[in-house]
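Below are the chains, spelled out letter by letter.
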Amino acid sequence: MISKADAATTTNTDDSPAANKPASVMLVNDSLMQFAAYVGQNNVKFAQTTNWQNFMSVLSLYNQSPAAVLNISPASRVRFNEALAQVNIQLANANNTEATRWLNQADYTARMINFLWNVNQPVNEAPDVQ
């Protein structure tokens, strides 16, 4: 049996690789606003482009209602992925740890959105698997 004194002085140390990672891996709610502020401050020129606006409009819609992104047109989906490529280039060129963190979160969020689009394809659009 453990005495109260022993139990009170026990400490847990989390030395797992996940302990040093941010709590959120996706750009949602506050982190999306922080990401937009980061890009607005650190890459003013890019933050004024159509690619940035296309990217942020889909992410904002996803934050408001994840199911709403399923209604985005195929052409808008292509524009989103083109914008994602540009966002990735801009963040990779920044070459610092904060940009890398945002790059990872943007990529993970975009992959989730693309996953939803792929899973929601009508049967006649699904790839032929043999």
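Please refer to the structure placed before this passage.
Cut-offs used in this document
Residues numbered from 1 in each chain as written. Predicted model: local features only at pLDDT ≥ 70, side-chain atom pairs only at ≥ 80, totals over all residues. Heavy atoms only, no water. Helix = DSSP H or I, 4+ residues; strand = E, 2+ residues; numbered from the N terminus. Buried < 20%, exposed > 50% of the residue type's maximum accessible area, 1.4 Å probe, protein only. Contact = heavy atoms within 4.5 Å. Phe/Tyr/Trp six-rings, centres within 6.5 Å; stacked < 30°, edge-to-face > 60°. Core = buried A, V, L, I, M, F, W, Y, C linked by side-chain atoms within 4.5 Å.

Draft legend 1. Layout of the environment of N88. Examined against the element boundaries, N88 turns out to sit in helix α5 (residues 74-94). We classify N88 as partly exposed; its relative accessible area is 22%. Note: C-alpha distance between N88 and A106 (18 residues apart in sequence) is 8.1 Å. Excluding residues within four positions of it along the chain, N88 makes contact with L103 and D107.

Draft legend 2. Expanded view of the packing of aromatic side chains. Tallied over the entire structure, the rule returns 8 aromatic pairs. On the numbers, 5.4 Å between centres and 5 degrees between planes, the contact of F55 with F80 is stacked. On the criterion of sequence distance, the pair formed by F55 in helix α4 (residues 50-64) and F80 in helix α5 is long-range, its members being 25 residues apart. The exposure class assigned to F80 is buried, which follows from its relative accessible area of 0%. Taken together, F35, Y38, F46, W52, F55, F80, W102 and W117 form an aromatic cluster joined through their ring pairs.

Draft legend 3. Broad picture of the nonpolar core. F35, W52, F55 and L91 are the most contacted members of the largest nonpolar core, which totals 27 residues. Elements with a minimum of two residues in this core: α2 (30-42), α4, α5 and α6 (97-119). Here the element with the most residues in this core is α6; it accounts for 7 residues. Ignoring any residue separated from it by four or fewer positions in sequence, one finds W52 in contact with F35, A36, V39, F46, A47 and V87.

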